[in-house]
Amino acid sequence: PEPVRTESAKLAAKHGMKEIGPALRGIAADAKAPAPVRIASLQALETLKDAQLPTVAKSVLGDADPRLRHQGRRILLRGVPASDAVKTLETVLAKGDTVEKQGALTLLADYRSPEADQLLEAWLDRLLAKNAPAEIHLDILLAAETSKSPSVLKKLKTYEATREAKKPASVYRETAVGGDADAGE
(Lines give C-alpha, C1' and ligand atoms only; values in the text may rest on other atoms or scores of the structure.)
Protein backbone atom coordinates (compact mmCIF):
# COMPACT_ATOMS: atom_id res chain seq x y z
CA PRO A 1 0.00 0.00 0.00
CA GLU A 2 1.03 3.57 -0.72
CA PRO A 3 1.40 4.80 2.90
CA VAL A 4 3.61 1.86 3.80
CA ARG A 5 5.87 2.40 0.78
CA THR A 6 6.10 6.12 1.52
CA GLU A 7 7.05 5.53 5.15
CA SER A 8 9.50 2.81 4.14
CA ALA A 9 11.39 5.26 1.95
CA LYS A 10 11.46 7.81 4.78
CA LEU A 11 12.73 5.21 7.27
CA ALA A 12 15.42 4.02 4.87
CA ALA A 13 16.66 7.60 4.62
CA LYS A 14 16.42 8.22 8.35
CA HIS A 15 18.49 5.15 9.12
CA GLY A 16 21.04 5.71 6.36
CA MET A 17 20.25 2.51 4.50
CA LYS A 18 22.28 3.22 1.36
CA GLU A 19 21.90 -0.36 0.12
CA ILE A 20 18.25 0.37 -0.68
CA GLY A 21 19.32 2.99 -3.24
CA PRO A 22 18.64 0.82 -6.32
CA ALA A 23 15.10 0.04 -5.13
CA LEU A 24 14.44 3.71 -4.35
CA ARG A 25 15.75 4.72 -7.78
CA GLY A 26 13.44 2.19 -9.39
CA ILE A 27 10.43 3.46 -7.47
CA ALA A 28 11.22 7.13 -8.17
CA ALA A 29 11.51 6.39 -11.90
CA ASP A 30 8.39 4.19 -12.06
CA ALA A 31 5.70 6.27 -13.77
CA LYS A 32 3.06 3.78 -12.56
CA ALA A 33 3.91 4.24 -8.87
CA PRO A 34 1.85 6.79 -6.91
CA ALA A 35 3.41 10.26 -6.85
CA PRO A 36 3.73 10.47 -3.03
CA VAL A 37 5.74 7.23 -3.01
CA ARG A 38 7.95 8.49 -5.84
CA ILE A 39 8.49 11.80 -4.07
CA ALA A 40 9.40 10.05 -0.81
CA SER A 41 11.83 7.83 -2.74
CA LEU A 42 13.43 10.84 -4.41
CA GLN A 43 13.77 12.62 -1.07
CA ALA A 44 15.24 9.49 0.51
CA LEU A 45 17.82 9.28 -2.28
CA GLU A 46 18.66 12.92 -1.60
CA THR A 47 19.10 12.26 2.12
CA LEU A 48 21.24 9.22 1.37
CA LYS A 49 23.35 11.32 -1.04
CA ASP A 50 22.83 8.74 -3.75
CA ALA A 51 25.35 9.14 -6.57
CA GLN A 52 22.67 8.66 -9.24
CA LEU A 53 20.28 11.23 -7.74
CA PRO A 54 20.79 13.84 -10.50
CA THR A 55 19.91 11.29 -13.18
CA VAL A 56 16.77 10.21 -11.32
CA ALA A 57 15.79 13.82 -10.59
CA LYS A 58 16.18 14.72 -14.26
CA SER A 59 14.05 11.75 -15.28
CA VAL A 60 11.03 13.03 -13.34
CA LEU A 61 11.00 16.51 -14.89
CA GLY A 62 8.71 15.30 -17.67
CA ASP A 63 6.28 13.54 -15.34
CA ALA A 64 2.57 14.34 -15.31
CA ASP A 65 2.58 15.13 -11.58
CA PRO A 66 3.65 18.73 -10.85
CA ARG A 67 4.70 17.90 -7.27
CA LEU A 68 7.13 15.31 -8.56
CA ARG A 69 8.45 17.68 -11.23
CA HIS A 70 9.00 20.30 -8.54
CA GLN A 71 10.98 17.90 -6.37
CA GLY A 72 13.16 16.89 -9.30
CA ARG A 73 13.76 20.53 -10.20
CA ARG A 74 14.51 21.45 -6.57
CA ILE A 75 17.19 18.77 -6.43
CA LEU A 76 18.71 19.71 -9.78
CA LEU A 77 18.91 23.41 -8.90
CA ARG A 78 21.06 22.78 -5.83
CA GLY A 79 24.58 23.93 -6.57
CA VAL A 80 23.60 25.61 -9.83
CA PRO A 81 24.70 29.26 -10.18
CA ALA A 82 21.96 31.60 -9.00
CA SER A 83 21.58 33.24 -12.41
CA ASP A 84 20.88 29.87 -14.06
CA ALA A 85 18.53 28.78 -11.29
CA VAL A 86 16.59 32.04 -11.49
CA LYS A 87 16.15 31.61 -15.27
CA THR A 88 14.70 28.16 -14.67
CA LEU A 89 12.40 29.47 -11.93
CA GLU A 90 11.28 32.32 -14.17
CA THR A 91 10.19 29.78 -16.80
CA VAL A 92 8.35 27.74 -14.17
CA LEU A 93 6.58 30.86 -12.89
CA ALA A 94 5.51 31.68 -16.44
CA LYS A 95 4.41 28.21 -17.55
CA GLY A 96 4.18 25.82 -14.60
CA ASP A 97 1.23 24.43 -12.70
CA THR A 98 0.17 26.18 -9.50
CA VAL A 99 2.09 23.70 -7.33
CA GLU A 100 5.21 24.28 -9.40
CA LYS A 101 4.81 28.06 -9.16
CA GLN A 102 4.42 27.81 -5.40
CA GLY A 103 7.53 25.66 -5.23
CA ALA A 104 9.45 28.01 -7.53
CA LEU A 105 8.67 30.95 -5.24
CA THR A 106 9.83 28.98 -2.23
CA LEU A 107 13.09 28.19 -4.02
CA LEU A 108 13.43 31.78 -5.25
CA ALA A 109 13.31 32.99 -1.65
CA ASP A 110 16.48 30.99 -0.95
CA TYR A 111 18.55 32.75 -3.61
CA ARG A 112 20.34 35.92 -2.60
CA SER A 113 21.19 37.45 -5.93
CA PRO A 114 20.26 40.51 -7.98
CA GLU A 115 18.54 38.22 -10.50
CA ALA A 116 16.39 36.64 -7.80
CA ASP A 117 15.50 40.05 -6.40
CA GLN A 118 14.51 41.31 -9.86
CA LEU A 119 12.26 38.33 -10.47
CA LEU A 120 10.68 38.68 -7.05
CA GLU A 121 10.13 42.39 -7.69
CA ALA A 122 8.43 41.57 -10.99
CA TRP A 123 6.04 39.24 -9.20
CA LEU A 124 5.36 41.83 -6.50
CA ASP A 125 4.56 44.30 -9.29
CA ARG A 126 2.11 41.77 -10.73
CA LEU A 127 0.60 41.30 -7.28
CA LEU A 128 0.21 45.06 -6.83
CA ALA A 129 -1.35 45.34 -10.28
CA LYS A 130 -3.71 42.46 -9.44
CA ASN A 131 -2.25 40.40 -12.29
CA ALA A 132 -0.82 37.52 -10.26
CA PRO A 133 -2.82 34.29 -9.88
CA ALA A 134 -4.64 34.31 -6.54
CA GLU A 135 -3.33 30.82 -5.78
CA ILE A 136 0.23 32.13 -5.43
CA HIS A 137 -0.38 35.48 -3.67
CA LEU A 138 0.68 34.11 -0.31
CA ASP A 139 3.75 32.44 -1.81
CA ILE A 140 4.86 35.74 -3.38
CA LEU A 141 4.50 37.50 -0.03
CA LEU A 142 6.33 34.78 1.88
CA ALA A 143 9.21 34.87 -0.59
CA ALA A 144 9.38 38.66 -0.39
CA GLU A 145 9.40 38.60 3.42
CA THR A 146 12.66 36.64 3.42
CA SER A 147 14.39 39.07 1.07
CA LYS A 148 17.12 41.42 2.22
CA SER A 149 16.71 43.60 -0.87
CA PRO A 150 15.57 47.14 0.00
CA SER A 151 13.59 47.43 -3.23
CA VAL A 152 11.77 44.13 -2.62
CA LEU A 153 11.00 45.11 0.95
CA LYS A 154 9.75 48.52 -0.20
CA LYS A 155 7.33 46.88 -2.65
CA LEU A 156 6.23 44.48 0.05
CA LYS A 157 5.51 47.44 2.32
CA THR A 158 3.55 49.09 -0.49
CA TYR A 159 1.47 45.95 -0.86
CA GLU A 160 0.86 45.67 2.88
CA ALA A 161 -0.41 49.27 2.83
CA THR A 162 -3.26 48.15 0.54
CA ARG A 163 -4.86 46.22 3.36
CA GLU A 164 -8.04 47.71 4.75
CA ALA A 165 -7.46 49.03 8.27
CA LYS A 166 -11.17 48.78 9.08
CA LYS A 167 -11.20 45.10 8.13
CA PRO A 168 -8.73 43.29 10.39
CA ALA A 169 -9.38 40.05 8.51
CA SER A 170 -7.80 41.60 5.41
CA VAL A 171 -4.40 40.42 6.67
CA TYR A 172 -5.61 36.89 5.90
CA ARG A 173 -7.00 37.50 2.40
CA GLU A 174 -4.17 35.60 0.67
CA THR A 175 -4.97 32.44 2.62
CA ALA A 176 -8.43 32.10 1.04
CA VAL A 177 -6.99 30.31 -2.02
CA GLY A 178 -3.85 28.37 -2.85
CA GLY A 179 -1.93 26.16 -0.48
CA ASP A 180 -1.26 22.48 -0.95
CA ALA A 181 -3.87 20.07 0.40
CA ASP A 182 -1.50 17.12 0.03
CA ALA A 183 1.10 18.85 2.18
CA GLY A 184 -1.57 19.98 4.66
CA GLU A 185 -0.94 23.64 3.92
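Residues numbered from 1 in each chain as written. Predicted model: local features only at pLDDT ≥ 70, side-chain atom pairs only at ≥ 80, totals over all residues. Heavy atoms only, no water.

Draft legend 1. Examining unusual backbone geometry more closely. One non-glycine residue with positive phi stands out, namely Lys49, at about 55 degrees. As for its position among the elements, Lys49 is in the loop between helix 3 (35-47) and helix 4 (53-59). Phi is positive for Lys130, close to 60 degrees, though the residue is something other than glycine. Mapped onto the elements of the fold, Lys130 is located in the loop between helix 8 (114-128) and helix 9 (137-145). Note on Lys130: relative accessible area 73%, which makes it exposed. (Helix = DSSP H or I, 4+ residues; strand = E, 2+ residues; numbered from the N terminus. Buried < 20%, exposed > 50% of the residue type's maximum accessible area, 1.4 Å probe, protein only.)

Draft legend 2. Region of the structure containing the packing of aromatic side chains. Scanning the model with the defined rule gives zero aromatic pairs in all. When the ring centre of Trp123 is taken as reference, the NZ or CZ atom of Arg126 above it lies at 4.1 Å. (Phe/Tyr/Trp six-rings, centres within 6.5 Å; stacked < 30°, edge-to-face > 60°. Lys NZ or Arg CZ within 6 Å of the ring centre and 35° of its normal.)

Draft legend 3. Local environment of the environment of Leu11. Within the secondary structure, Leu11 sits in helix 1 (residues 2-14). Residue class for Leu11 comes out partly exposed when judged on its relative accessible area of 44%. Separated by 114 residues in sequence, Leu11 and Asp125 have C-alpha atoms that sit 43 Å apart.

Draft legend 4. Just empty space enclosed by the protein, in detail. Per the stated rule, a full pass over the model turns up one cavity of 30 Å³ or more. Counted as a void, the largest cavity has a volume near 40 Å³. In terms of lining residues, the largest cavity is bounded by Leu108, Ala109, Tyr111, Arg112, Ala116, Asp117, Leu120, Ala143, Thr146 and Ser147. Every element with two or more residues in the lining of the largest cavity is listed here: helix 7 (98-110) and helix 8. Looking at which element gives the most residues to the lining of the largest cavity, the answer is helix 8, with three residues. Classifying every residue of the lining of the largest cavity gives six nonpolar, two polar and two charged. (1 Å grid on protein atoms, 1.4 Å probe; cavity = no way out; pocket = protein on both sides within 12 Å on 5 of 7 lines; lining within 4 Å. Points joined across faces, edges and corners; volume = space filled by probe spheres on them. Nonpolar A, V, L, I, M, F, W, Y, C, P; charged D, E, K, R; others polar.)

Draft legend 5. Up close: the nonpolar core. One finds Leu89, Leu108, Trp123, Leu127 and Ile140 to be the most contacted residues of the largest nonpolar core, which totals 27 residues. If you list the elements that add at least two residues to this core, you get helix 6 (82-95), helix 7, helix 8, helix 9 and helix 10 (150-160). When residues in this core are grouped by element, the largest group, six residues, is from helix 8. When residues no more than four places from it in sequence are discounted, the contact partners of Leu89 are Leu77, Ala104, Leu107, Leu108, Tyr111 and Leu119. Within the second largest apolar cluster, 16 residues are counted, among which are Leu24, Ala28, Leu42 and Val60. (Core = buried A, V, L, I, M, F, W, Y, C linked by side-chain atoms within 4.5 Å. Contact = heavy atoms within 4.5 Å.)

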